[in-house]
Amino acid sequence: MEITQIQLDALKEIGNIGSGHAATALSTLLSRRIDMSVPEVWAIPFENLDTIIGQLDTPQAVVYVKAEGDAPGKAVFFFPVESAKIVAQTLLGIEKLEDVDVFGDEMVQSALKEVGNIMVSSFLIALTSFSGIPLQPSVPALAVDMAGAILDAILLEDGSLDDNVIFIDTQLSGIPQIEGQFIFLPNDGSLKKLLGALGI
């Protein structure tokens, strides 16, 4: 389906509301003020997904949940490894960044899973609030690997996906050098249902 500018503007507003919820939750979790902005929102054809994720052979920390409900899909948050290390360092109080092991330390991975879950859930809650269509996140999963390999594993799961992918860029302030990407992969028909519920 063709996505109009009005629909993109509505999705950006939803992204901004979600980022506000996430910033509030992260501020409490990290005991410091966190602000988050959503500079860009795109709806892109599914086959062009790799163009917004970047280098698929670059390691990333990825939190993935299934969005279950009347407009199901797959919700994914991508952390560049350097950003993931800074988040874990801040949350766990690790003195040196080089001591943060995102690949093998279970405490670090648990912390990243919690932060990623906050990010993903906040956007899904905002989408539910605006559309009136309930979406519940599943238990989050975390993987730290090449972005392409993780994406392939997610796409191999059951469910026919829509032609379009919603991409929400995010920037955090309050912690230096933090960025991330939220991607919603709607099941076939879910995006049309969500946009229809928004009245646009």
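Residues numbered from 1 in each chain as written. Predicted model: local features only at pLDDT ≥ 70, side-chain atom pairs only at ≥ 80, totals over all residues. Heavy atoms only, no water.

## Remarks on the pattern of salt bridges
Where charged atoms from two side chains of opposite charge approach closely, those side chains can pair.
Phase 1: Using the criterion set out here, one finds one salt bridge in the structure.
Phase 2: With a closest N to O distance of 3.2 Å, R33 and D35 form a salt bridge. (Salt bridge = Lys/Arg side-chain N within 4 Å of Asp/Glu carboxyl O.)

## Quick notes on helix α5 (residues 147-155)
Phase 1: Within α5, burial applies to A147, G148, I150, L151 and I154. Down the axis of α5, the buried side of the element spans an arc of 160 degrees, and every buried residue falls inside it. (Buried < 20%, exposed > 50% of the residue type's maximum accessible area, 1.4 Å probe, protein only. Helix = DSSP H or I, 4+ residues; strand = E, 2+ residues; numbered from the N terminus. Arc of directions from axis to C-beta.)

## What to know about the packing of helix α3 (residues 81-92) against helix α4 (residues 106-131)
The description of two packed helices rests on the angle between their axes and on the distance between the axes.
Phase 1: Interhelical geometry of α3 versus α4 gives an angle of 100 degrees and a closest axis separation of 9 Å. The pairing of α3 with α4 is recorded here as roughly perpendicular in orientation. Every residue of α4 that contacts α3 at A84, V87, A88, L91 and L92 is listed here: M107, V108, A111, L112 and V115.
Phase 2: Its residues assigned to classes, the contact of α3 with α4 comprises ten nonpolar, no polar and no charged. (Axes fitted to C-alpha atoms, helices over the stretch in contact; angles between N-to-C directions. Parallel < 35°, antiparallel > 145°, perpendicular 65-115°, else oblique. Contact = heavy atoms within 4.5 Å. Nonpolar A, V, L, I, M, F, W, Y, C, P; charged D, E, K, R; others polar.)

## Focus on the pairing of strand β4 (residues 73-80)
A regular strand places its side chains on the two faces of the sheet in alternate fashion.
Phase 1: Counting buried positions along β4 yields seven of eight residues, so the element is predominantly enclosed.
Phase 2: Between strand β3 (residues 59-69) and β4, which pair antiparallel and follow one another directly, the connecting turn spans three residues.
Phase 3: Pairing of β4 with strand β8 (residues 178-186), which is carried by six bridges, proceeds in the antiparallel orientation. Each bridged residue has a counterpart across the sheet, and for K74 the counterpart in β8 is L185. (Pairing = 2+ DSSP bridges.)

## Concerning the packing of aromatic side chains
Phase 1: Under the definition given, this model contains three aromatic pairs.
Phase 2: Seen from their ring centres, W42 and F167 are 4.7 Å apart, and the 20 degrees between their planes marks the pair as stacked. Here W42, found in strand β2 (residues 41-45), pairs with F167, found in strand β7 (residues 164-173); they are 125 residues apart in sequence, far enough to count as distant.
Phase 3: Under the relative-accessibility criterion, W42 is labelled partly exposed at 34%. (Phe/Tyr/Trp six-rings, centres within 6.5 Å; stacked < 30°, edge-to-face > 60°.)

## Let's talk about helix α6 (residues 190-197)
Phase 1: What α6 keeps buried is the set S190, L191, L194 and L195. Angularly, the buried residues of α6 cover 125 degrees about the axis, an arc narrow enough to put them on a single face.
Phase 2: G199 sits one or two positions beyond α6 and adopts a positive phi of about 80 degrees.

## Some details on the nonpolar core
Phase 1: Residues L26, V102, L112, M119, L124, F182 and F184 are the most contacted members of the largest nonpolar core, which totals 51 residues.
Phase 2: For this core, the element with the most residues is α4, which contributes ten residues.
Phase 3: With near-sequence residues (within four places) excluded, V102 lies in contact with V81, A84, K85, V108, Q109, L112 and V144.
Phase 4: Of all hydrophobic cores here, the second largest spans 15 residues; its members include L161, V165, F167 and L185. (Core = buried A, V, L, I, M, F, W, Y, C linked by side-chain atoms within 4.5 Å.)

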